[in-house]
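The lines below spell out each chain.
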Amino acid sequence: MIETLSHRVGFREFAIKDGLMRVNGRPVSLRGTNRHEMHPERGTALTREDLIADITLIKRLNINSVRTSHYPNNPLWYELADEYGLYLVDETNLETHGIRSSYPGDHPEWTAACVARAQNMVHRDKNHPSVVIWSLGNEAGGGSTFTAMHDWIRSYDPTRVIQYEGDDRPGISDIRSRMYESPARIEQRARDTADTRPYVMIEYSHAMGNSNGNFKNYWDIIRRHDVLQGGWIWDFADQSLHAPVPARTLLTESGPARLRGEILATRGRLDRDRGLSGITVFERADGLDLTGSLTLEAWITQDVTGQHQPIIAKGDTQYALKQTDRRLEFFIHSDGQWIAANWDLPDDWTGREHHIAGVFDAGAGTLALYVDGAVRATRTTDRRPGSTTTPLALASDADNQIREFSGTIRRARVYARPLTAAELASDTRGPDDDGVRFWFDAATVRTETKRPREKTFLAYGGDWGDNPNDGAFAADGVVTADRRHTGKAAEVKRVYQAIGAARTPGGGPGDVTLTNEYLFTPLREFDGRWELVADGEVVRRGRLTRDQLDVPPQSGKDISLPVRLPRDPEPGTEYFLQLSFTTTEPTKWAKAGFEVARHQLPLDAASPAVTPVPLSRVPALRHEDRDEDIRITGRGFSVTIDRDSGTITSYEAHGTRLITSGPVPNFWRAPTDNDKGNGQHLRNATWRDAGARRKVTGVTLRTLDDRAVEIEVTGTLPTTVESAWSTTYTVFGNGEIKVDNTLHPGAADLPYIPEVGTLLFLPRRLDRLHYYGRGPEENHWDRNTGTDVGRYSSTVADQWTPYIRPQENGNKTDVRWAALTDRGGRGLLVSGEPLLEINASHFTPEDLSSGVRHDYQLTPRDAVVLRVNHRQMGVGGDNSWGAHTHDEFKLFADRDYAYTYRLRPLTDVDRAMAASRRPTATR
């Protein structure tokens, strides 16, 4: 005996019948994900334990199908899919992305190789029952090659479905399949009866960064139309590798603003003699927002030419010196146009230092490009650079960090005036000269080294010194590279769950309609439990009977639970009916008792409205109307409101400081990957500084008897067309502050608003977050189905979601109240009227908008940054390279916004709910 082999097999029928893909005769719903073979420690060499960990997590997220994008996987994966239960789309190792319009096409010399790849896949994997669809490849165009691949597979294996998205016509693909279509578009597909084949989204809901918005929208439509048989999210986990955290190198240039910067490229370095290499971004400064004459100047040594290589740039839409496709380029950008002076580089350009300069003379209307003392290119224009909020960067563009200069920059300068040829040739210039706005010299620049506490980080494109690269574009997973849970994963699990529950129309509080979407599993195989929840606390619970759970596959049933609402509920009390369905027996992928489905159904208990505390019952207070501020004092508290800024500069109660500053009007969120992909961070930049640069135009004060003081602050916002804003503080004698906010956009055609809210700074010790709203995972306007309304407690630091590139994160929606307290439960209570969005962090949106590449490059503030918002726009996610957030989740500028919340001291967090239900009346 030399060798023995064994192989487990299974039996099932998978076929298209009556226009639908069916398993053993029943139409299947493919709740899928794409998955690459990638691990942060072992790269593509996954162990059996790694594979089991992945398939376990996939099953726990209610995912029932995996596409082996974009190649046949480790043979062990198929064995595990057979064993654990997954439907696989097995994909031929074929992609010709950049040349797909030509190859493989109709070229016979390619056809033989492509057919051979398909044959090898089929022969290797044909005995695995988990494989139900053969894929001919990914993004490789069309042509007779794919007809040949289809025909061979069909002749050899008539028992499976064949799919190809690149050309999904009949004869090549048995099913219609498209990538990244919107929910509206897939509904159009469903209504297209001219083609009766089933339709799937072979890739959809791109999970890059803070994404997967409107995921429920897709599945509401899929559940309405049988012909829509699901899809595969792109994708399961971020692709990234752990790397050691380097020391941070911080720089301070010598210009008049002494701007601080940081070498953000992990392989970047500063050599005092040769110069700077790697992405380096400096802090924002008004002095660099040049919209008139300017000069950019640098001494560079380039290693490799080609691609986009910024040398000194204020984004891609203001001004820059850069090398592009073997050309040297100096441009200004105005009203959507790049006005550039270009010079083709000579063959001997690399390996030696060159002095280059770009001079824009607004008065003369000329651009001139100088190289080594000679004018190499000129251009005339009557335009001026536009204004952007992008910071200045060396060796990169802060908005496009996949663009990186190959070489070193020894000196770099920015002037707010045009320099003459003689001035450029002079060696006597200094950082204090007329017009200097930025002055970098590698030999003299001030440096500081910081050693981050973190030992490793998750690296992405550019972190290995690779150039060009695709940046963080491989980080598009529902879970992180090290398989940590996310709000995206919570949403996917909830939307994909196969047990539905809804209030029965016209029924009582316990009347529920159950729906079983499983193909072969009756609900009797699960435990079902219900809870009646009042204000986040369970007041009654029970189990579903075996008869109530007697719901066969693909059917529904009306049941009645013994839920009784109180006849005289407390004012304002909210009631929910919560249902949970768990496994009764241990499985390969979960222990007994694992929750596979959950629902939270609101109940109307006819709770009476909350009765405000009469103004006459609060203590009296005093106020001082001073030139600089207004100071209000009452029994155990004091409030100071600054007249110039219109904000609270001090709020203290019982000797404890609750607010150090704020609330500041805020209309910006840190750009997500999707925002950057569709240009929202540039298109909507008028809102970025609108709150910080507001102008207070009026402060009026009136007293309400001697028990409250009302201060109305009005002002303007420097948006493209000036907008108006107001904040009214009503300070009551019991220490409560009612905050009324309004926004009146200056024009209906202003860009939509990333966020409508306010920003407050609290003492660092108030770092415990307690709230009643959706959680515990972060959630957004268009991605909160996976979270329930409840009472949650954690630390401010734990609200952080570690996306591979820092961006907006940690948001909470439908918040009734939130409390920021110290360890003893004392602090600040914020109550919505009725609902708010809350974000508690140690970073401002601006901190996360500065272009840093990794978390370790952020320095947390010694404060709690609390954003109390009316609303933040949705995160979107149809794709990450142009798709916008859906209109229903945008904050358009064609309407006014008004919202109210209350601030009050809190001495016991356990009394937060009761305190939030006792607002003070203004009369």
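Scroll up for the structure.
All values derive from a computational prediction rather than experimental measurement.

About the thresholds
Residues numbered from 1 in each chain as written. Predicted model: local features only at pLDDT ≥ 70, side-chain atom pairs only at ≥ 80, totals over all residues. Heavy atoms only, no water. Helix = DSSP H or I, 4+ residues; strand = E, 2+ residues; numbered from the N terminus. Buried < 20%, exposed > 50% of the residue type's maximum accessible area, 1.4 Å probe, protein only. Contact = heavy atoms within 4.5 Å. Areas by Shrake-Rupley, 256 points an atom, 1.4 Å probe, with all protein chains shown as cover. Lys, Arg positive; Asp, Glu negative; His and termini not counted. Charge placed at Lys NZ, Arg CZ, Asp CG, Glu CD. Arc of directions from axis to C-beta. Polar contact = N/O pair within 3.5 Å; in protein donor to acceptor, adjacent residues only side chain to side chain. Pairing = 2+ DSSP bridges. Salt bridge = Lys/Arg side-chain N within 4 Å of Asp/Glu carboxyl O. Phe/Tyr/Trp six-rings, centres within 6.5 Å; stacked < 30°, edge-to-face > 60°. Core = buried A, V, L, I, M, F, W, Y, C linked by side-chain atoms within 4.5 Å. Axes fitted to C-alpha atoms, helices over the stretch in contact; angles between N-to-C directions. Parallel < 35°, antiparallel > 145°, perpendicular 65-115°, else oblique. Nonpolar A, V, L, I, M, F, W, Y, C, P; charged D, E, K, R; others polar.

1. Things to note about the overall build of the chain
Move 1: When helices and strands are counted, the chain shows 11 helices and 56 strands.
Move 2: Referenced to the eigenvectors of the C-alpha coordinate spread, the extents of the chain come out at roughly 85 × 85 × 55 Å.
Move 3: A burial count over the chain gives 59% of its 923 residues as buried.
Move 4: Put simply, 69% of the contacts in the chain that link residues at least 6 apart link residues at least 24 apart.
Move 5: About 36,300 Å² of surface is accessible on the chain, with carbon and sulfur atoms providing 47% of the total.
Move 6: Distance between charge centres in the chain, computed from 115 positive and 128 negative side chains, equals 4 Å.

2. Some remarks on helix H2 (residues 75-84)
One turn of the α-helix equals 3.6 residues, which is why residues spaced by three or four share an orientation.
Move 1: The set of residues buried in H2 consists of Trp77, Tyr78, Leu80, Ala81 and Tyr84. Looking down the long axis of H2, one finds its buried residues gathered within 165° of arc, a one-sided arrangement.
Move 2: Buried positions along H2 lie against helix H1 (48-60), strand S5 (65-67), strand S6 (87-91), helix H3 (108-125) and strand S7 (131-135).
Move 3: For H2, the N-terminal cap is Asn74; the gap from its side-chain oxygen to the backbone nitrogen of Leu76 is 2.9 Å.
Move 4: Once H2 finishes, Gly85 follows within two positions and takes phi at roughly 100°, a positive value.

3. Structural notes on the pairing of strand S53 (residues 812-821)
Move 1: With respect to burial, S53 is a largely interior element, 10 of its 10 residues being buried.
Move 2: Of the strand pairs in this sheet, strand S51 (residues 768-775) and S53 are connected by 5 bridges, and their pairing is antiparallel. Pairing of Tyr771 across the sheet is with Ala818, part of S53.

4. Observations concerning the pattern of salt bridges
Move 1: Summed over the entire model, instances satisfying the criterion amount to 71 salt bridges.
Move 2: Glu203 is paired through a salt bridge with Arg67; the nearest N and O atoms lie 2.9 Å apart. Of this pair, Glu203 sits in strand S10 (residues 199-204) while Arg67 sits in strand S5, placing them 136 residues apart in sequence. A single burial state applies to Glu203 and to Arg67, both of which are buried.
Move 3: The partner of Glu181 in a salt bridge is Arg189, with the nearest N and O atoms 2.9 Å apart.
Move 4: Residue classification places Glu181 among the buried residues on the basis of a relative accessible area of 11%.
Move 5: Owing to a relative accessible area of 15%, Arg189 belongs among the buried residues under this scheme.

5. Points about the environment of Glu525
Move 1: On the secondary structure map, Glu525 appears in the loop between strand S34 (511-516) and strand S35 (526-534).
Move 2: Once the C-alpha coordinates of Glu525 and Glu585 are considered, the two residues, 60 residues apart in sequence, prove to be 8.5 Å apart.

6. Looking at the packing of aromatic side chains
Move 1: Considering all chains together, one arrives at 20 aromatic pairs under this definition.
Move 2: On the numbers, 5.2 Å between centres and 50° between planes, the contact of Trp800 with Phe843 is tilted. A residue pair is termed long-range when its members are at least 10 positions apart, and Trp800 in the loop between strand S52 (788-795) and S53 and Phe843 in the loop between strand S54 (827-841) and strand S55 (863-872) qualify at 43 residues.
Move 3: Residue classification places Phe843 among the buried positions, given a relative accessible area of 10%.

7. Notes on the sheet that holds strand S13 (residues 248-252)
Move 1: Strand order in this open sheet of 9 strands is S22-S21-S20-S19-S26-S17-S14-S13-S31, and the pairing throughout is antiparallel. Edge positions in the open sheet fall to strand S22 (337-344) and strand S31 (446-450), since each of these has one partner strand only.
Move 2: Here strand S17 (residues 280-282) pairs with strand S26 (residues 393-394) via 2 bridges, running antiparallel. In the sheet register, Thr280 faces S26, and the bridge partner there is Leu394.

8. Some points on the side chain of Asn779
Move 1: You can see Asn779 is positioned in the loop between S51 and S52.
Move 2: A polar side-chain atom of Asn779 sits 3.1 Å from the main-chain carbonyl oxygen of Arg774.
Move 3: For Asn779, the contacting residues outside a window of four places in its chain are Arg774, Asn784, Thr787, Asn811, Lys812 and Thr813.

9. Points about the nonpolar core
Move 1: Ranked by size, the top nonpolar core spans 80 residues in total, and within it Trp77, Leu514, Leu544, Leu561, Leu577, Leu579 and Phe581 carry the most contacts.
Move 2: Contact partners of Trp77, with chain neighbours within four places excluded, come to Arg35, Leu51, Asp54, Ile55, Ile58, Val66, Leu86 and Leu88.
Move 3: Membership of the second largest hydrophobic core comes to 52 residues, among which are Ile648, Ile753, Tyr792 and Leu891.

10. Focus on the packing of helix H5 (residues 183-190) against helix H6 (residues 215-224)
Move 1: Two elements in contact, H5 and H6, have axes separated by 9 Å at closest approach and are oriented at 10°. Of the possible angle classes, the one that applies to H5 and H6 is roughly parallel. For the pair formed by H5 and H6, the contact residues are Pro183, Ala184, Ile186 and Glu187 on the first element and Asn217, Tyr218, Ile221, Ile222 and Arg224 on the second.
Move 2: Broken down by class, the residue content of the contact of H5 with H6 amounts to 6 nonpolar, 1 polar and 2 charged.

11. Brief notes about the sheet that holds strand S33 (residues 499-503)
Move 1: Strand order in this open sheet of 3 strands is S33-S34-S37, and the pairing throughout is antiparallel. In the strand order of this sheet, the two ends are held by S33 and strand S37 (555-560), each with one partner. Strand-to-strand twist of the sheet, defined as the mean angle between neighbouring strand axes without regard to direction, takes the value 25°.
Move 2: Strand direction decides the pairing type here: S33 and S34, joined by 5 bridges, are antiparallel. Bridge pairing in S34 places Ala502 opposite Thr513.

12. Quick word on unusual backbone geometry
Move 1: In this structure, the amide linkage connecting Trp234 to the following residue, Asp235, adopts the cis form with an omega of -15°.
Move 2: Along the chain, Asp235 turns up in the loop between strand S11 (228-233) and strand S12 (241-244).
Move 3: Phi at Arg326 takes a positive value of approximately 65°, unusual for a residue other than glycine.
Move 4: When you line up the elements, Arg326 lands in the loop between strand S20 (319-324) and strand S21 (327-334).
Move 5: Notably, Ala395 is not glycine yet its phi reads approximately 65°, a positive angle.

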